[in-house]
Amino acid sequence: MPWIKTDALTRVSIFWWWFWVMLACQGRFLALYYLDFGFDREQAGFLIGAGMLFGMVANFFWAAVADFTSVSMRFILLVSSVGSAIAVALYEVPAAPMFSLWDWILTVRLVFSFFFLPMMTILDTLTVYTLEDPRREYGIARVWGAVAWGILNFAILGPLFDVMGYWVMVPAFVVSAIIMALCLFALLDNEDGQKQHEVIAEPKGEDASWWQRALGYVRNVGRIVFGEGFVSATFYLMVFVTGNATALVEGLVFLFWREDLHASNFLCGVTVAITVLVEAPLFFFSDLFLDRFSCPT
């Protein structure tokens, strides 16, 4: 049993809040932090891109752990929180003698991405499985993440970086990751989300081997991607293009504003607050938008 009993919507709202606090501490300002190590803009961009690519591969690994083992999503999220906190702390540790500074920072970036970037996928799944009516309540839970993202960038991180420098993001991330882990430990138990998880992950036959289960998983993914033919392909093409555009904004836009336009960190944070003012109502009223515009299921 969890230490603290709360309703499902409150639990997942708390998790989304602290996830986006963590992300803000390793988000749009990260490329500028890399410049403090003496790297140029191309190297900073490479570090951002390498981490995203490695995180995409890690996503498959952690999703497979969730689907094909009895490991709970609570445990995966706890490992992700603690592992990513340790990785970020290593940024401020002197490079080991066998590493150059570049090799050390790249290694830390990849380790961080392995643990942290899949968290959003697992947390999304936990949210859908935990909420009583995810279609109606998902947006309400996610709006708290958007609010946290806006507040951290605008009111805390931007001004702090102007005064103290980008190193502050390291202890800020570690503290927020520890709080996230404590919330997961206190508010969840290993059964949360597992009933639905077992239904999805259960093999067709009791004697099905791991490779038969994996093959069935691949077939199911294929049905999702190509199930509706051209319509499905068009949707995933849109996701691909949008994902590329989002990666440019999340990874490099502050680099452009700071280095080329000479904006302050505070002003960069203000731009995040503006986007949150637009997206928060969309999350909060998402059920109304789904009722009006989504296809029937």
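This part takes up the environment of tyrosine 166. Relative to the assigned elements, tyrosine 166 resides in the loop between helix 7 (134-164) and helix 8 (169-187). Separated by 99 residues in the primary sequence, tyrosine 166 and asparagine 265 have C-alpha atoms spaced 9.8 Å apart. Beyond its immediate chain neighbours, meaning those up to four positions away, tyrosine 166 contacts Phe29, Leu32, Tyr33, Asp36, Phe161, Arg258 and Asn265. Only 2.6 Å separates the side chain of tyrosine 166 from the side chain of asparagine 265, close enough to count as a polar contact.

This part covers the nonpolar core. Phe15, Phe19, Phe29 and Tyr34 are the most contacted members of the largest nonpolar core, which has 78 residues in total. Apart from the residues within four sequence positions on either side, phenylalanine 15 is in contact with Leu123, Leu126, Met180, Cys183, Leu184, Leu187 and Leu188.

What follows is about a nonpolar patch on the surface. Together, Val278, Leu282, Phe284, Phe285, Leu288, Phe289 and Phe293 make up a nonpolar patch on the protein surface, roughly 710 Å² of accessible area in all. Its place among the elements puts phenylalanine 284 in helix 12 (residues 265-284). Phenylalanine 284 gets classed as partly exposed once you look at its relative accessible area, which sits at 42%.

Attention now moves to the pattern of salt bridges. In total, this model carries 1 salt bridge according to the counting rule given. Notably, a salt bridge pairs arginine 41 with aspartate 260, separated by 2.5 Å at the nearest N-O pair. Taken together, the residues arginine 41 in helix 3 (residues 41-68) and aspartate 260 in the loop between helix 11 (230-259) and helix 12 connect sequence positions 219 residues apart. On the accessibility criterion, arginine 41 (38% relative accessible area) is partly exposed.

Before going further, it helps to examine the confidence of the model for the protein chain. Regions with low pLDDT carry predicted coordinates that are not meant to be interpreted in detail. Of all residues in the protein chain, 88% attain a pLDDT of 70 or more, and the chain-wide mean is 85. Looking at the elements of the protein chain, mean pLDDT is at its lowest for helix 9 (residues 194-201), recorded as 47, and at its highest for helix 5 (residues 101-116), recorded as 95. Segment residues 195-204 is flagged for pLDDT under 50; beyond a separation of four residues in sequence, or across chains, it makes 10 contacts in the model.

Moving on: helix 7. Taking the largest bend as the criterion, helix 7 deviates by roughly 40 degrees, centred on leucine 157, and proline proline 159 comes between one and four positions later. Once helix 7 ends, the next one or two residues include glycine 165, with phi positive near 105 degrees.

This part takes up the packing of aromatic side chains. This model, assessed by the stated rule, comprises 29 aromatic pairs. Judged by centre distance (4.9 Å) and plane angle (75 degrees), the ring pair of phenylalanine 29 and phenylalanine 161 falls under edge-to-face. Here phenylalanine 29 is found in the loop between helix 1 (8-25) and helix 2 (30-35), whereas its partner phenylalanine 161 is found in helix 7, with 132 residues between them in sequence. In this pair, the class of phenylalanine 29 matches that of phenylalanine 161, namely buried.

Thresholds, definitions, all that
Residues numbered from 1 in each chain as written. Predicted model: local features only at pLDDT ≥ 70, side-chain atom pairs only at ≥ 80, totals over all residues. Heavy atoms only, no water. Helix = DSSP H or I, 4+ residues; strand = E, 2+ residues; numbered from the N terminus. Contact = heavy atoms within 4.5 Å. Polar contact = N/O pair within 3.5 Å; in protein donor to acceptor, adjacent residues only side chain to side chain. Core = buried A, V, L, I, M, F, W, Y, C linked by side-chain atoms within 4.5 Å. Buried < 20%, exposed > 50% of the residue type's maximum accessible area, 1.4 Å probe, protein only. Patch = residues over 30% accessible without salt bridge, like charges linked within 9 Å, V, L, I, M, F, W, Y side chains within 5 Å. Areas by Shrake-Rupley, 256 points an atom, 1.4 Å probe, with all protein chains shown as cover. Salt bridge = Lys/Arg side-chain N within 4 Å of Asp/Glu carboxyl O. pLDDT = per-residue confidence, 0-100. Bend = angle between axes of the 7 residues up to and from the residue. Phe/Tyr/Trp six-rings, centres within 6.5 Å; stacked < 30°, edge-to-face > 60°.

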